[in-house]
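Read off the chains here:
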Amino acid sequence: MIITGVDYYPEQWDRSMWEDDIRRMSDLGIRTVRIGEFAWCRLEPEEGQFEFGWLDDAIELIERYGMKVILGTPTNCPPLWMFQNYPDTLQCDRDGTRTKTGIRGHRCMNSPTFRKYAGRIVALMAERYADNGIYAWQIDNELESNHCTCEYCAASFRKWLQDKYGTLDHLNRAWGNVVWSGEVSDWNQINAFMTAAVNRADWFNPGYMLDYERFCAASTTDYVHFQCDIIRKYIPSAVITTNSCFGSNLPDFHQEFEPLDVASYDNYPPAVIPANPEKFYSNAFALDFVRGFKQKNFWVLEQLGGPMGCWSPITPQLEPGMLEGYAMQAVAHGADLLSFFRWRTASTGAEMFCYGLLDHDNQPNSRTEELKHLIHRLELVPNLSETSLTSKVAMLYSADQEFSFKTQAQSEGFAYWTQMRLFHEACMNLGVNIDIIPQSHSYEDYEVVIVPTQFVTDKDSVKRLEQFAQQGGTVIVTNRSGVKDEHGNCIINESLPTLFRKMCGCYINGTDAIGPRYQRIRSLHGGVFSITSWCDMLVCETAEPMAVYLDRFYAGTPALSVNQFGKGTVYYVGTVGEKALYRSLLLEVFHQRKMNVIENLPDGVESTVRSAEDMQFRFFFNNTLEGKSFFAEGKRVSMQALEMKVLTRSGQWI
Ligand code: GLA
Ligand code: ZN
């Protein structure tokens, strides 16, 4: 059964409200209640004084009403006594000064003092609730990559570098520190990244920045291990997760989730459908990205339950169908549990206008009605949770690309994620499942591997891709690949795409970072597409050109190429196109591989399949505010705005 739950903060409400809340949750069909993740000051109001009684009661009440608890460790916001008694537990900002208290998420994950107190509260909780049938544990909340600049973090960074490079000579050479007299003669000259003097990352050595980002991500992973080990010590069979989000400092999710049992995500798709249809599929991308963290079904620990406020002015009310549609969209991409944020909107604190399912009036409303409908619908297909997404197409993700693109924008408006999203969107609009997997993962069982922007290149990855293509696979490589080595320095004395040149059968003899400007290419198979951001001027060696530029001094020069490589095929996409370009390219690839596609899904409609040996559910989601009608699977399908339809193998609609 796909599980529906809610996020609840008993510590924020008067006790007299608890039972009514919990009874109403249970009446709605809610199965899990996520609690605890911000409640440290009520669990340890003074240093070493613990008060678990209220939490015992809340858990008991939830369980009495037949629901299960997802328990958060409260380490995201320590009580104020800790910061007062031990100021070294507070994060330091980019300028090296201590963050001020009164917010959340401002603890230093590397501070031994913080670890001591965090470790103690987590251990006490794990020990106390070991036999309570806790459904799962959530570590902390929305962990970002740790960018604290305190002395502990700087020292850990130096230690990390010493382990990696051994000697300063190796480090100086790896980073190319001679530039601007940056050669390090003592480890203590290396600091955590600060921007007080120069408020820009791009003034710093990219080699240093790349390792610094890797270190910050590794700190977060280490912190996850730290909490996991404590919980497992008391509850070896505990199911442990953490709720991911995509902030400005992304961790290395694949490493971070390695010690965890299940990937989780906080799913807040836009309440306002973007006017620009180029943005329609960003949410589907996020969901598939999260499924890739552990390459299996995942959970949503915060699912959009009402208009968002607080971080921004209050968004418009959810459109009718939106709450259910977005929830079903998560299921379509592999979610097995959806916990709605939050039961009732806070009446105090910074998030009092970040709406949950219930408004402040505490009355049932259109959103709770929609949730009821969703729960009923999911109950009709109890075996849906036994299915998963299988894909013939993989897209490789590497945190290194994200880290280095973040430091050195290659052209205005061009991010690492841009092309991943475009390829992903085309798959969705062709009804083709796609997995987003870590670059280091094996992909031999896939037919098509898309490798966007291999900016930071390592020889092993290239060798594996060559082998995959040689043995019959299709590989798609894009612009800004082969630019840098694994230390973040430019590869010299070889034409781009350097290590990829052999498999792509082409090289580049000119580049143009056109930024937000638009130009055009003409496909040699017909069709003109607009392009933006970047143009590689290709010289085809063994490859055949597929499209040529139409504008400026390189009009007529190839922009896209295809190369037969061993038994397989390698495409090179030298530019960034409009959506239709990726659709047309992938359609050609999928046809060649004789894969099933749904060719005529309208713009804004996506389709995925969840299946098991004896079951298949095809999902159609209309991610727009207009009705859509089309033919698919031999049927006319009519969809309302934001509607999700699910077709079983036997032709029934759910
Ligand atoms: C995040 C947090 C929640 C809450 C929501 C709403 O996802 O995890 O605690 O703040 O945002 O904005
Ligand atoms: Zn720190």
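Residues numbered from 1 in each chain as written. Chains lettered and ligands numbered in written order. Predicted model: local features only at pLDDT ≥ 70, side-chain atom pairs only at ≥ 80, totals over all residues. Heavy atoms only, no water.

### Topic: the overall build of the protein chain
Scanning the protein chain for helices and strands turns up 17 helices and 24 strands. Since a compact globule built from 654 residues should have a radius of gyration of about 26 Å, the 26 Å found for the protein chain is in line with a globular shape. With the C-alpha coordinates aligned to their principal axes, the bounding extent of the protein chain is approximately 75 × 70 × 40 Å. Within the protein chain, the fraction of its 654 residues that count as buried is 59%. At a minimum sequence separation of 6, the contacts of the protein chain that also span at least 24 residues come to 70%. Approximately 25100 Å² of the protein chain is accessible, and the part contributed by carbon and sulfur atoms is 50%. A gap of 3 Å separates the mean positions of the 60 positive and 81 negative side-chain charges of the protein chain. (Helix = DSSP H or I, 4+ residues; strand = E, 2+ residues; numbered from the N terminus. Rg over C-alpha atoms; globule rule 2.2 N^0.38 Å. Buried < 20%, exposed > 50% of the residue type's maximum accessible area, 1.4 Å probe, protein only. Contact = heavy atoms within 4.5 Å. Areas by Shrake-Rupley, 256 points an atom, 1.4 Å probe, with all protein chains shown as cover. Lys, Arg positive; Asp, Glu negative; His and termini not counted. Charge placed at Lys NZ, Arg CZ, Asp CG, Glu CD.)

### With respect to helix α13 (residues 399-407)
Within α13, 7 of the 9 residues are buried, leaving the element largely enclosed by the surrounding structure. Here α13 has its buried residues at Ala399, Gln401, Glu402, Phe403, Ser404, Phe405 and Thr407. Buried residues along α13 sit against α8 (206-234), β10 (393-397) and α14 (416-429).

### Description of the domain arrangement of the protein chain
Per the domain assignment, the segments of the protein chain are domain 1 (3-143 + 223-384), domain 2 (393-592) and domain 3 (608-648). Measuring from the centre of the C-alpha atoms in domain 1 to the corresponding centre in domain 2 gives 37 Å. Each partner contributes to the interface: domain 1 provides 18 residues, whereas domain 2 provides 21 residues. For the pair domain 1 and domain 2, the summed buried area comes to about 1800 Å², and 63% of that belongs to carbon and sulfur atoms. (Domains from an automatic or database assignment. Buried area = accessible area lost by both parts, 1.4 Å probe.)

### Things to note about the packing of helix α10 (residues 282-294) against α14
In the contact formed by α10 and α14, the axes pass within 9 Å of each other and the chain directions differ by 100°. The angle between α10 and α14 falls in the class roughly perpendicular. Taking contact as the criterion, the partners of Ser282, Ala284, Phe285, Asp288 and Phe289 in α10 are, on α14, Trp417, Met420, Arg421, His424 and Met428. Tallied by class, the residues present in the contact of α10 with α14 amount to 6 nonpolar, 2 polar and 2 charged. (Axes fitted to C-alpha atoms, helices over the stretch in contact; angles between N-to-C directions. Parallel < 35°, antiparallel > 145°, perpendicular 65-115°, else oblique. Nonpolar A, V, L, I, M, F, W, Y, C, P; charged D, E, K, R; others polar.)

### Observations regarding the coordination of the zinc ion (ligand 2)
Looking at the zinc ion (ligand 2), one finds its protein donor set to be Cys108 (SG), Cys148 (SG), Cys150 (SG) and Cys153 (SG), positioned 2.2 to 2.3 Å from the metal centre. Of note is the zinc ion (ligand 2), whose 4 donor atoms meet at the metal with angles of 100 to 116° in an arrangement that counts as tetrahedral. Each donor residue of the zinc ion (ligand 2) belongs to the same chain, and together they define the spacing C-x39-C-x1-C-x2-C. The pair formed by Cys150 and Cys153 is uniform in burial state, with each residue classed as buried. (Donors = N, O, S within 2.8 Å, 3.2 Å for Na, K, Ca; no water. Tetrahedral: all angles 85-135°; square planar, octahedral: opposite > 155°, others 65-115°.)

### Examining the site of ligand 1
Neighbouring residues of ligand 1: 13 residues in total, closest Arg104, Glu142, Glu302, Trp311 and Glu351. In this structure, Glu351 approaches ligand 1 through a side-chain N or O atom, which is 2.3 Å from an oxygen atom. The protein chains hide 96% of the 300 Å² of surface that ligand 1 would expose on its own. For the shell around ligand 1, the per-class residue count stands at 6 nonpolar, 2 polar and 5 charged. (Near = heavy atom within 4 Å. Polar contact = N/O pair within 3.5 Å; in protein donor to acceptor, adjacent residues only side chain to side chain.)

### A few points about the sheet that holds strand β4 (residues 136-138)
Pairing within the open sheet is parallel, and its 9 strands lie in the order β5-β4-β3-β2-β1-β9-β8-β7-β6. Taken across any chain shown, the strands that pair with only one partner, and hence form the sheet edges, are β5 (240-241) and β6 (243-244). Note: strand β8 (residues 298-304) against strand β9 (residues 335-341), 5 bridges, orientation parallel. Paired with Gln303 across the bridge in β9 is Phe340. (Pairing = 2+ DSSP bridges.)

### Re a nonpolar patch on the surface
A surface patch of nonpolar side chains, about 520 Å² in accessible area, is lined by Val178, Val179, Trp180 and Trp203. Residue position: Val178 is located in the loop between α7 (168-175) and α8. (Patch = residues over 30% accessible without salt bridge, like charges linked within 9 Å, V, L, I, M, F, W, Y side chains within 5 Å. Salt bridge = Lys/Arg side-chain N within 4 Å of Asp/Glu carboxyl O.)

### Brief notes about the pairing of strand β20 (residues 605-612)
The buried count for β20 comes to 7 of 8 residues, which makes it a mostly enclosed element. Once β20 ends, the chain turns through 2 residues before running back antiparallel as strand β21 (residues 615-622).

### As for helix α5 (residues 112-128)
Helix length check: α5 (17 residues) gives 24 Å between terminal C-alpha atoms against 24 Å at 1.5 Å per residue, within 8%. Here α5 has its buried residues at Thr113, Phe114, Arg115, Tyr117, Ala118, Gly119, Ile121, Val122, Ala123, Met125 and Ala126. (Expected span 1.5 Å × (residues − 1).)

### What to know about the sheet that holds β20
The strands making up a sheet associate through backbone hydrogen bonding, with each pair oriented either parallel or antiparallel. With antiparallel pairing, 3 strands are arranged side by side in an open sheet as β20-β21-β24. Unpaired on one side and paired on the other, β20 and β24 (644-648) mark the two borders of the sheet. For this sheet, the mean inter-axis angle between neighbouring strands, taken without regard to orientation, is 20°. The pairing of β21 with β24 spans 5 bridges and is antiparallel. Across the sheet, the residue bridging to Phe620 is Lys645, located in β24.

### Here we look at unusual backbone geometry
Excluding glycine, a negative phi dihedral is what most residues carry, and trans is how most peptide bonds are arranged. Here the residue pair Phe341 and Arg342 is connected by a cis peptide bond, since its omega of -15° sits within 30 degrees of zero. Examined against the element boundaries, Arg342 turns out to sit in the loop between β9 and α12 (366-379). For the bond from Leu496 to Pro497, the omega torsion is 0°, close enough to zero to count as cis. Examined against the element boundaries, Pro497 turns out to sit in the loop between β13 (474-478) and α16 (501-504). Its identity as a non-glycine residue notwithstanding, Arg552 has a phi of 60°, on the positive side. Within the secondary structure, Arg552 is located in the loop between β16 (544-549) and β17 (558-565).

### Topic: the pattern of salt bridges
Applying the stated criterion across every chain, the model contains 37 salt bridges. A salt bridge links Arg23 to Asp20; the shortest N-O distance between them is 2.4 Å. Taken together, the residues Arg23 and Asp20, both in helix α1 (residues 15-28) and 3 residues apart, mark about one turn of the helix. Among the salt bridges present, the one from Arg214 reaches Asp400, with a minimum N-O distance of 2.8 Å. On the criterion of sequence distance, the pair formed by Arg214 in helix α8 and Asp400 in helix α13 is long-range, its members being 186 residues apart. The exposure class of Arg214 is buried, given its relative accessible area of 14%.

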